[in-house]
Amino acid sequence: MLLAAVVVAVATACAPVSTAPTPSASGSAPSVDPTPGGSASPTGGNPPAALVPDGTAQDNLPFFSAVTASVWATDARVSGRAYIDALVAAGFDKSAMQVTSDTSTVGNPAESIQFSVRWGDECLVGQVGPATGNPVTVVVPVVSEGACLIGQTRPIDW
């Protein structure tokens, strides 16, 4: 899949997210608690504690990364819905999101799950799963027809 190749290529140039997530005790989306001094941005600054609605995709990447890390730290780490729900709870626009399936075409757990939020002409993209290792989050340009992910995605109908 082309997206996986793009994410892998970009991921090799990115440092892993080093925020300290706080998993939720309930079944709801985990809360995000970026640790002071953590470095989730390429510039080494602290991630913002909230969404930057008037900011760019790059401005929101540290927060997107922190939300992703917070879900990765839970038992729901291989559930695409958990990432979407956490991003919505954090203030990202659900109608601008895409997510791939949690299972392969033969019903096995997916090796990786991708999810995205369109932000203007760019996309915040996350990739997680057993084949990915630590979560990968990047900003990439919108692809054909205004989508962020290439290939089959599942409906976000909950």
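Scroll up for the structure.
All of these numbers come straight from a predicted model, not from anything done at the bench. (Residues numbered from 1 in each chain as written. Predicted model: local features only at pLDDT ≥ 70, side-chain atom pairs only at ≥ 80, totals over all residues. Heavy atoms only, no water.)

Chemist: Sorry if this is basic, but what is going on with the side chain of Ser116 here?
Modeler: Here Ser116 lies in strand E2 (residues 113–119). Among the residues examined, Ser116 registers a relative accessible area of 0% and is labelled buried. With residues near it in sequence (within four places) discarded, Ser116 still touches Ala96, Met97, Gln98, Leu124, Val125, Cys148 and Leu149. (Helix = DSSP H or I, 4+ residues; strand = E, 2+ residues; numbered from the N terminus. Buried < 20%, exposed > 50% of the residue type's maximum accessible area, 1.4 Å probe, protein only. Contact = heavy atoms within 4.5 Å.)

Chemist: Could you clarify how one ought to interpret the state of the cysteines in this entry?
Modeler: In a disulfide, the sulfur atoms of two cysteines are held together by a covalent bond. Counted under the stated rule, the structure contains one disulfide. Sulfur-sulfur distance for the disulfide between Cys123 and Cys148 comes to 2.1 Å. Residues Cys123 and Cys148 share a disulfide whose torsion about the S-S bond is about -80°; that sign makes it left-handed. Placement of Cys123 in strand E3 (residues 122–128) and of Cys148 in the segment after strand E4 (136–141) is noted, with a sequence separation of 25 residues between them. (Disulfide = S-S within 2.5 Å.)

Chemist: Sorry if this is basic, but what is going on with the packing of aromatic side chains here?
Modeler: In the structure shown here, the tally under the stated rule is five aromatic pairs. When the centroid spacing of 6.0 Å and the interplanar angle of 80° are considered together, the rings of Phe64 and Phe92 count as edge-to-face. Placement of the pair is Phe64 in helix H2 (residues 57–72) and Phe92 in the loop between helix H3 (80–89) and strand E1 (97–99), with a sequence separation of 28 residues. The burial state of Phe64 is the same as that of Phe92; both residues are buried. These aromatic residues form a ring-pair network of at least three members: Phe63, Phe64, Tyr83, Phe92, Phe115 and Trp119. (Phe/Tyr/Trp six-rings, centres within 6.5 Å; stacked < 30°, edge-to-face > 60°.)

Chemist: Can you walk me through the environment of Ile156 in this structure?
Modeler: As for its placement among the helices and strands, Ile156 is situated in the segment after E4. Take Ile156: its relative accessible area is 23%, and that puts it in the partly exposed class. Expressed as a C-alpha distance, the spacing of Ile156 and Arg81, which sit 75 residues apart in the sequence, is 8.1 Å. Setting aside residues no more than four positions away along its own chain, Ile156 makes contact with Ile84, Lys94, Met97, Gln98 and Val99.

Chemist: Even after reading the chapter, I still don't get the pattern of salt bridges, so can you show me in this structure?
Modeler: Where charged atoms of side chains with opposite charge meet at close range, the side chains can pair. In total, this model carries three salt bridges according to the counting rule given. Of the charged contacts, one joins Arg154 and Asp102 as a salt bridge, the two residues approaching to 3.3 Å between their closest N and O atoms. In this pair, Arg154 sits in the segment after E4 while Asp102 sits in the loop between E1 and E2, placing the two residues 52 residues apart along the sequence. Exposure remark for Asp102: the relative accessible area of 21% places this residue in the partly exposed category. Arg118 is the partner of Asp121 in a salt bridge, and the nearest nitrogen-oxygen pair spans 4.0 Å. Relative accessible area serves as the criterion here: at 33%, Arg118 is assigned to the partly exposed category. (Salt bridge = Lys/Arg side-chain N within 4 Å of Asp/Glu carboxyl O.)

Chemist: Please clarify how the nonpolar core should be interpreted in this entry.
Modeler: It is characteristic of soluble globular proteins that their nonpolar side chains tend to be buried jointly. Residues Phe64, Leu87, Phe92, Phe115, Val117, Trp119 and Leu124 are the most contacted members of the largest nonpolar core, which totals 26 residues. Elements that contribute at least two residues to this core include exactly H2, H3, E1, E2 and E3. The element contributing the most residues to this core is H2, with seven residues. Not counting chain neighbours up to four residues away, the residues in contact with Phe64 comprise Leu87, Phe92, Phe115, Val117, Leu124, Val125, Gly126 and Thr137. Counting seven residues, the second largest nonpolar core, distinct from the first, contains Val125, Val138, Cys148 and Leu149. (Core = buried A, V, L, I, M, F, W, Y, C linked by side-chain atoms within 4.5 Å.)

Chemist: Help me understand H3, please; the structure alone is not making it clear to me.
Modeler: Those residues of H3 that sit buried are Gly80, Ala82, Tyr83, Ile84, Ala86 and Leu87. Along its buried surface, H3 packs onto H2, E1, E2 and E3.

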